[in-house]
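Coordinate analysis (summary)
What follows is the residue order along each chain.
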Amino acid sequence: MASNITFIGAGNMASAIIGGLIDSGVAPATITATAPSDSELAPVKQRLGINTHTDNNAAVANADVVVLAVKPQIMRNVCEALRDSVQRQQPLVISIAAGLDADTIDQWLGGNNALVRCMPNTPSLVGIGASGLYANAKVSDAQRDVATQLMEAVGIVEWVEEEALLDAVTAVSGSAPAYFFLMFEAMEDAAVKLGLPAATARRLAIQTALGAATMAQQSDKDPATLKQNVMSPGGTTERAIQHMEEAQLRTTIADAMQACADRAQAMATELSGS
Ligand SMILES: NC(=O)c1ccc[n+]([C@@H]2O[C@H](COP(=O)([O-])OP(=O)(O)OC[C@H]3O[C@@H](n4cnc5c(N)ncnc54)[C@H](OP(=O)(O)O)[C@@H]3O)[C@@H](O)[C@H]2O)c1
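Residues numbered from 1 in each chain as written. Predicted model: local features only at pLDDT ≥ 70, side-chain atom pairs only at ≥ 80, totals over all residues. Heavy atoms only, no water.

Our focus in this paragraph is the environment of Val157. Turning to its location among the elements, Val157 is positioned in strand β8 (residues 155-159). In this structure Val157 comes out as buried when scored by relative accessible area, which is 13%. Sequence separation of Val157 and Phe184 is 27 residues, and the distance between their C-alpha atoms is 26 Å. Once you skip the residues sitting within four places of it in the chain, Val157 turns out to touch Ser131, Leu133, Thr148, Met151 and Glu152. (Helix = DSSP H or I, 4+ residues; strand = E, 2+ residues; numbered from the N terminus. Buried < 20%, exposed > 50% of the residue type's maximum accessible area, 1.4 Å probe, protein only. Contact = heavy atoms within 4.5 Å.)

And the structure:
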């Protein structure tokens, strides 16, 4: 891992990644995080033992890696104020902001930067995230490895070679935790109608999702085979799956993911013009 990493922004996502890095053996002294006020930074400093700063420019002065972890809406101001320091220091820049394309951020930072754009998801906050990464042409193989290690601190990493594919990543993992939460809600409601207490239903549904995900992860069989293995002919599971297929669940999922990817693309256009 590169020697000095600076996080611009010390919120949920930055804290999760920093926590993961420290757990994986990165020295807290090599990590700096910034936020507008010391009151926000004090708990982070105390909990994680890292360096903190309220001055973004001072914090990138010795950075090999700069992680942009502020909200997309303020990214332009933050980047333009960092332009001179970043041009001087030439760090690897990693943006985790949703919906802002690499070229736009690069321009805001003065151009010609090695820049990785990352699409993480909220389970990163509990160390089981899934991130899609894209690197612009300036990023070296060694810098790609650094970005991989950084995001692997909070989960798995998949690289895409075309930036537009990050919209597909948004549809399959970025937004997808909510799809599963919807499924939990629906299963809980249905189980209550079948007579189970809501709390019991919730625990059973969540544990079953965890079990199914773990089986799918550990097995060398594909999901279709794992599904088939639970379905005995004429049995209960077969009847449930039949209903889902007849109700066009696959089409609903495909349409929802297309809508998600389309929205990601539209938001990038809106945010880049702001
Ligand atoms: N949370 C997720 O699951 C998730 C998923 C995918 C992508 N992302 C992306 O990750 C980024 C961060 O999200 P988050 O959930 O971690 O947001 P967050 O908790 O609101 O954190 C943002 C941080 O930026 C700080 N900040 C505000 N203005 C700043 C400035 N001028 N200079 C330096 N720091 C400043 C904030 O400080 P104050 O609180 O004092 O304003 C706060 O510490 C966003 O771009 C988001 O799109 C998040």
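There is more to say after this.
Bringing the sheet that holds strand β1 (residues 5-8) into the picture now. An order of β3-β2-β1-β4-β5-β6-β7-β8 is seen for the 8 strands of this open sheet, with the pairing classed as mixed. The open sheet terminates on both sides in strands that have one partner only, identified here as β3 (51-53) and β8. Neighbouring strand axes in the sheet, compared pairwise and without regard to direction, differ in orientation by 25° on average. As judged from the 4 bridges shared by β1 and strand β2 (residues 31-34), these two strands associate in the parallel manner. Across the sheet, Ile5 pairs through a bridge with Ile31, a residue of β2. Strand contacts of helix α1 (residues 12-23): β1 and β2, with the helix running at about 160° to β1, the strand carrying the most contacts. (Pairing = 2+ DSSP bridges. Axes fitted to C-alpha atoms, helices over the stretch in contact; angles between N-to-C directions.)

The next point concerns the UniProt feature "binding site: NADP(+)" (unreviewed entry) in the protein. Those places that UniProt annotates as "binding site: NADP(+)" (unreviewed entry) correspond, in this numbering, to Ile8, Gly9, Ala10, Gly11, Asn12, Met13, Ala69, Val70, Lys71 and Pro72. A maximum C-alpha distance of 14.2 Å among these annotated residues, which run over 65 residues, shows that they cluster at one spot. With respect to the helices and strands, Gly11 occurs in the loop between β1 and α1. We classify Gly11 as partly exposed; its relative accessible area is 29%. Locating Asn12 in the fold gives a position in helix α1. (UniProt positions renumbered as here; feature names shortened; annotations may be inferred.)

Let us look at the site of the ligand. Taken together, 22 residues surround the ligand, and among them Asn12, Met13, Glu40, Val70 and Thr122 come closest. For the ligand, an oxygen atom lies 2.7 Å from a polar atom in the side chain of Glu40. Lys71 places a polar side-chain atom, nitrogen or oxygen, 3.3 Å from an oxygen atom of the ligand. Against a free-state accessible area of 890 Å², the protein chains account for coverage of 77% of the ligand. Among the secondary structure elements, those contributing two or more residues to the shell around the ligand are α1 and α4 (72-89). No other element matches the 3 residues that α4 contributes to the shell around the ligand. Residues of the shell around the ligand, tallied by class, amount to 14 nonpolar, 6 polar and 2 charged. (Near = heavy atom within 4 Å. Polar contact = N/O pair within 3.5 Å; in protein donor to acceptor, adjacent residues only side chain to side chain. Areas by Shrake-Rupley, 256 points an atom, 1.4 Å probe, with all protein chains shown as cover. Nonpolar A, V, L, I, M, F, W, Y, C, P; charged D, E, K, R; others polar.)

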